[in-house]
Amino acid sequence: MTDATQSGPMLAADGTPLKKSLARSLRRRKLRALALIAPLLLFVLLSFVIPIVSMLFRSVENSIVSETLPLTVIELQHWDAESGELPDEALYAAFTKDMVAAVEAKQHTRLGTRLNYEQTGMSSMFRKSGRQIKRLDVEADAPFKEKLIDIHDGWGDVETWKVIKTHAVPITNGYFLNAVDMRRTPEGAQSQPEDKQILIKLFGRTLFMSLVITGSCILLAYPISYLLANLPMRVSNLLMILVLLPFWTSLLVRTSAWKVMLQQQGVINETLVWLGLVADDARLVIINNQIGTIIAMTHILLPFMVLPMYSVMQTIPETYTRAAKSMGATNWTTFWRIYFPQSIPGIGAGSILVFILSIGYYITPEIVGGTKGVFISNRIAYHISSSLNWGLAAALGTILLAVVLLLYWVYDKIVGIDNVKLG
Amino acid sequence: MFVGAGQGSALLGIVIGAVLMAGLAWVYITVLDNERIARWITILGMGAAGLLLGGITAMIVGLLAGWFFAFFIFWLYEGRYRRKLLPYLTGRQVLWHYAFRVTCGAIFVFLITPILVVLPLSFNAQDFFTFTPEMLRLDPEGYSLKHYRDFFTNNEWQRSFKNSLIIAPIATVISVSLGTLAAIGLSQSHVPGRRAIMGILISPMIVPLIISATGMFFFYSDIGRFLEGTLGMDKNFVGYIKVVLAHAVLGIPFVIITVTATLVGFDQSLTRAAANMGAGPVRTFFKIQMPLILPGVISGGLFAFITSFDEVVVVLFVGSASQKTLPWQMFTGLREQISPTILAVATILVVFSIALLTTVELLRRRSERLRGLSPA
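Computed from a predicted structure; not experimentally measured.

## Focus on the overall build of chain A
- Within chain A one finds 20 helices and two strands.
- Relative to a compact globule of 423 residues, whose C-alpha radius of gyration would be 22 Å, chain A shows 32 Å and is clearly more extended.
- On the principal axes, the C-alpha backbone points of chain A span a range of 100 × 95 × 35 Å.
- Looking at chain A as a whole, 38% of its 423 residues are labelled buried.

## Let's talk about the UniProt feature "transmembrane region" (unreviewed entry) in chain A
Residue and element names in this part refer to chain A.
- What UniProt calls "transmembrane region" (unreviewed entry) maps, in this numbering, to residues 33-57, 206-229, 235-253, 291-310, 344-363 and 388-411.
- End C-alpha atoms of residues 33-57 are separated by 33 Å, and the span's content is 100% helix alongside 0% strand.
- The span residues 291-310 shows a helical share of 100% and a strand share of 0%, and its end C-alpha atoms are spaced 27 Å apart.

## Side note on the UniProt feature "transmembrane region" (unreviewed entry) in chain B
Residues and elements named next belong to chain B.
- The feature "transmembrane region" (unreviewed entry), as annotated in UniProt, sits at residues 12-31, 51-77, 98-123, 165-184, 196-220, 240-266, 292-318 and 338-363 in this numbering.
- The span residues 196-220 shows a helical share of 88% and a strand share of 0%, and its end C-alpha atoms are spaced 25 Å apart.
- Within the segment residues 292-318, helix and strand shares are 93% and 0% respectively, and the terminal C-alpha atoms sit 37 Å apart.

## Looking at the UniProt feature "domain: ABC transmembrane type-1" (unreviewed entry) in chain A
- UniProt marks residues 203-411 of chain A with the feature "domain: ABC transmembrane type-1" (unreviewed entry), using the numbering shown here.
- End C-alpha atoms of residues 203-411 of chain A are separated by 21 Å, and the span's content is 79% helix alongside 0% strand.

## Some thoughts on the interface of chain B and chain A
- Taken together, the contact pairs 79 residues of chain B with 78 residues of chain A.
- In terms of residue count, helix 4 (residues 91-121) of chain B provides more of the side of chain B that touches chain A than any other element does, 14 residues in total.
- Residue classes in the side of chain B that touches chain A are distributed as 61 nonpolar, 16 polar and two charged.

## Some details on the domain arrangement of chain A
- Each domain of chain A was delimited in the assignment, giving domain 1 (2-58), domain 2 (64-196) and domain 3 (200-419).
- One C-alpha centre belongs to domain 1 of chain A, the other to domain 2 of chain A; they are set 56 Å apart.

## Remarks on helix 10 (residues 209-229) of chain B
- The terminal C-alpha atoms of helix 10 of chain B lie 29 Å apart, and with 21 residues this matches the ideal 30 Å at 1.5 Å per residue to within 8%.
- The sharpest bend along helix 10 of chain B measures roughly 25° and falls at B:Phe217.

## A short note on the packing of helix 11 (residues 199-230) of chain A against helix 17 (residues 331-359) of chain A
All names here are of chain A.
- Where helix 11 contacts helix 17, the two axes come as close as 9 Å, and the packing angle between them is 140°. Judged by the angle between their axes, helix 11 and helix 17 are oblique. Considering how the two elements wind past one another, helix 11 and helix 17 form a crossing that is right-handed. Contact residues: Thr 206, Ser 210, Ile 213, Thr 214, Cys 217, Ile 218 and Ala 221 in helix 11; Ile 347, Gly 350, Ser 351, Val 354, Phe 355, Ser 358 and Ile 359 in helix 17.

## Comments concerning helix 12 (residues 233-248) of chain A
- Taking 1.5 Å per residue as the helical rise, helix 12 of chain A with its 16 residues ought to reach 22 Å, and the 21 Å between its terminal C-alpha atoms agrees with that figure.
- Within helix 12 of chain A, the full set of buried residues consists of A:Val243, A:Pro246, A:Phe247 and A:Trp248.

## Observations concerning the pairing of strand 1 (residues 182-185) of chain A
All names here are of chain A.
- Taken together, the four bridges between strand 1 and strand 2 (residues 188-191) define a ladder with antiparallel strand orientation. Across the sheet, residue Arg 183 finds its bridge partner in strand 2, namely Gln 190.
- Counted along the chain from strand 1 to the antiparallel partner strand 2, the turn is two residues long.

## Overview of the nonpolar core
- Within the largest apolar cluster, 154 residues are counted, with the highest numbers of intra-cluster contacts made by B:Val118, B:Val313 and B:Val314.
- Ignoring anything within four residues of it in the chain, the contact list for B:Val313 reads A:Tyr362, A:Ile363, B:Leu209, B:Ile210 and B:Ala213.
- A:Leu69, A:Met125, A:Val163 and A:Ile164 belong to the second largest nonpolar core, which has 24 residues in total.

## Let's talk about unusual backbone geometry
Residue and element names in this part refer to chain A.
- Positive phi, normally seen in glycine, also occurs at Asp 181, with a value near 65°.
- Positionally, Asp 181 belongs in the loop between helix 10 (174-179) and strand 1.
- Note on Asp 181: 18 C-beta atoms within 10 Å, which makes it partly exposed.
- With a phi angle near 60°, Leu 388 is a residue other than glycine that sits in the positive phi range.
- With respect to the helices, strands and loops of the structure, Leu 388 is situated in the loop between helix 19 (376-385) and helix 20 (390-414).

## A short note on the packing of helix 19 of chain A against helix 20 of chain A
Residue and element names in this part refer to chain A.
- Orientation of helix 19 relative to helix 20, taken along the N-to-C sense of each, is 155°, at an axis distance of 8 Å. It follows from the interaxial angle that helix 19 and helix 20 lie roughly antiparallel. Crossing of helix 19 against helix 20: the hand is left-handed. Residues Ile 376, Arg 379, Ile 380, His 383 and Ile 384 of helix 19 touch helix 20, and the partners they reach there are Trp 390, Leu 392, Ala 393, Leu 396, Gly 397 and Leu 400.
- For the contact of helix 19 with helix 20, the class distribution of residues is eight nonpolar, two polar and one charged.

## Describing the environment of B:Lys324
All names here are of chain B.
- With respect to the element layout, Lys 324 can be found in the loop between helix 14 (313-318) and helix 15 (326-335).
- Lys 324 sits in the partly exposed class, given 19 other C-beta atoms within 10 Å.
- Taking the C-alpha atoms as reference, Lys 324 lies 9.4 Å from Val 312; in sequence the two are 12 residues apart.
- Residues contacting Lys 324, with those up to four places away along its chain left out, are Arg 159, Ser 160, Asn 163 and Gln 329.

Calculation notes
Per-chain numbering applies: the sequence of each chain, read as written, is numbered from 1 onward. Chains and ligands are labelled by the order in which they are written, letters from A for the one and numbers from 1 for the other. Per-residue local features are limited, in this predicted model, to residues with pLDDT of at least 70; the limit for side-chain atom pairs, both in listing and counting, is 80 or more; totals at the level of whole chains, interfaces and linings are taken over all residues. Counting from the N terminus, the helices are DSSP H or I runs at least four residues long and the strands are E runs at least two residues long. Each radius of gyration is computed over the set of C-alpha atoms, and the globule rule expresses the reference value as 2.2 Å times the number of residues to the power 0.38. Buried residues are those with 20 or more other C-beta atoms within 10 Å of their own C-beta, exposed residues have 12 or fewer, and partly exposed residues lie in between; C-beta atoms are placed from the backbone. UniProt positions are given in the numbering used here, feature names are shortened, and annotations may be inferred rather than shown by experiment. This entry defines residue contacts through backbone-placed C-beta atoms, with two residues in contact when those atoms are within 7 Å. Residue polarity is assigned by list, with Asp, Glu, Lys and Arg as charged and Ala, Val, Leu, Ile, Met, Phe, Trp, Tyr, Cys and Pro as nonpolar; anything else, Gly included, falls into the polar class. Residue ranges assigned to each domain were obtained from an automatic or database domain assignment. Here, expected helix span is obtained from the residue count minus one, scaled by 1.5 Å. What we call the bend at a residue is the angle made by axes fitted to the seven residues finishing there and the seven residues starting there. Comment: axis = line fitted to C-alpha atoms, over the contacting stretch for helices; angle = value between 0 and 180 degrees taken between N-to-C directions. What sets the label is the angle itself: under 35 degrees gives roughly parallel, over 145 gives roughly antiparallel, 65 to 115 gives roughly perpendicular, and the rest give oblique. Handedness of a helix crossing follows the sense of rotation of the near helix relative to the far helix, less than a right angle counterclockwise being left-handed and clockwise being right-handed. Whether two strands pair depends on DSSP finding at least two bridges between them. As used here, a nonpolar core is made of buried Ala, Val, Leu, Ile, Met, Phe, Trp, Tyr and Cys residues. They are joined through C-beta atoms within 7 Å.

Encoded structure:
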C-alpha cells in the first residue's frame, strides 16, 4: 500500500491500473454468470411467467362484445339506459348489420355464450335469432326494430340492451365481481341473487378446510418430529423412512389408497364392523364429504410439516431443558417455557407450507371430496373444462394466486425462500 | 378380548379379556415363576385357540397376541419398563413416556397404513376393493395376478405408460441441463439481482398447480394453434412438445434447489487450480466440477423426473387424449370406471418410489462424504 501512495496508482502486469483491471475482470465474471443463467431464465419466462401473466390479462379482457358488435357499441353510447325506453331505429339497424357480419363469421354464438354468463337465456336467444337475422338484407329490409322484436321477444326487452351496454367495455371488472358473487350492472356492482351465491362460500370453505388440515398436521407432526429429533441417529433414520416413503410415493397412489380405505365397503368400515364398534347398517360416511378430504389431505401433506419441524427441533440443545429442570421447573413448565418457544420457527415454516399447498389442491378433493368437500381449485377446473367460462376461471385463479403470493411473502420473511430444502 | 369384541359386545369383551389376563398373570407369577415356559405356553395357547376358532389367519393373530401378552405381563411385573429410563423419574413420568411413545406409534401407523393396504389388495382375485374372506383366510385361491396381467395387456394402460416413459425423461433432460448451468451461474459471487432471479426460477414450485395449469392452458393452446396452423406441424407431435415443455418448467425448481445446495460446499479453488494448470473452462467443468456435484445433479434430476412422472393437473389441461399419461389414466380410472387394475399400478409405483428413495438417500450420503461433511 505504501508503494501505491508514493508512486501513483498500482499497475497490473499489462500496465493498466490495478483497480481498472480488477473491475474489468469482475465485470467479465458477472457477465459469465449471467450468461449461464440466461437460457434457463428465458425458458422459464417464456413457458411459465408469460402464461401466468396472460392469465391475469384474460381475467379482465373483454373485447368480444366490442369486436363482434362494433357499430352497435357506438350507437349504444347515445342510448340512455336509465330512460327505460327501447333504443331507437338507428341502433337496431347497426345491430342487424353487426349480427349479419357476425353470423357470417360464426361469431354470434360465442358472444351469446359470453353474455349468457351475465344473464341466462342470452345464449339461446343469439343462436335462435342468428339463423333468422341472416336472412335479412341490410339495405332493403329496413326498418328493423319491429322485425327483430318479431324474431325474438328479447330484443324488445330493455334489460337485454342494458346487459349488452354494460359489458361492451374492452376491459372489465365483471369477472372479478362474479368471482366474489357480485355482478356488473348499469347501476354499478351489485351482489348476485341469493341462489347464485356460491363462490364466496367456496372460498370460505377452502380457507376453513385448509386451516383444519394445517391444524391437524401440526397436531400429528409435533409429537413425531419431537421423537425423531430426540432418538439416537440410527433409530430416527429408520423411522424417518416411514415419513419419507409416503412423501415419495405417487400422489395418485396415496389418493387411491384413501379411496379404497374410506369407502362404505372399504377397509376402515369393514374392520370397524368386524370389531363390532359400528353396526353394519350404520357404516361411517367418510368419503365424498369434508371429512374424507381432511383425512386424506392431512395424510398427504403431513411429511411437509414433519420435515421442517424436525430440522428445527434437531438444533434445539438438550442442555437448555436440563438446565431448566435442574432449576426446579416442572416438566410442563420446561416444555412450555423453554422447548416450545424454540420450536415455533419449525411450526411456522411447516404450517405456511402446508397451508399454501392445501389451498391450491385439486386432485385429492376431486376424488375423495364428492360435492361437499371440494375446493376453489375444483371450481376453476370446472369453469375451464365444463362451463368454458374462461374469464371467470382466470379471475378465480388470479385471486388464489394473490393469496398464495402473499403467504409466500410471509414465508420468505419467516424462513427465507433460500432455505427451502428437499428430502 | 378380540373374540368378545367380534361377537358384538366390545366393552364386555375387553372386560373379560382384562380379567383373563390378570388371572393369567397371577398364575405365571405365583405358580410358574419361569419366564420362558410361561411365554411359550401363552404363545402356543393363544395360537391354538385362534386355529380352533378361525383358521390360519386367526392362528397367526393369536400367536402374535400371545407373544405380546406374555411379553407385557413380565414387562410390567419385573419393572423392565424402567430399565432404559433415568432412575429418578416418577411413576407418572414413566407412564407419560410410554403414552407418548404409543401416540407416536399410532401416527406412524397412520402414515404408512394406506400404502401397506394397497399392496395385498392388488393381488385380489375378485374385482373388489376390500379384503375378501378368502384373502383373510390366506387361501391361495383368494389371490391372483390378474390385475397385473390386465395392466400389461390392456392397450389403454400400456399406451399411457409408454407416454409417461416418453414425456418424463425428455422433460427431465431439459430441466437438468438448463437447471445445472443456471445453478452454477447462480452460485458464483456477484450475481446482480440474485434474489429476484432465484424467485422467478423457483416460482413454478410456488404457484399452485391449478393456477399454472390454467395459465398454461390458455397460452399453450395459442402456441399449439400457431405451430399447427402456421408451421404445419403434426398435431400429435405438437401435443407432446406442449406437455414436455410444461413438465420441464415444473421440474426446474427442484434441480435448482438441489444443485445450488450441493454447490454451497464446493471448493472454488479447485476450478482455479485446474485453470492454473491449463485446462479450459469446458474441460474444467467436465473433469473437475461435474464429478463433484454429480450426486446433487442426479438427485435433482430424480426430483424432476418424479414431478413429471407423477403430474396430472397440468397434463390434464395442456395435453390431449393422445398424450394421456399414467397418472391421468389413474385419475380417470378413479373418477369414472373404477377398476382394481389401479391398485396393481399403485403397487408397481410404490416399488418404484422405494427404489427412488433409496437412490436419493445413497446419493445424499455420497455427496456429503465427497464434500467432507460429517457422514451421518
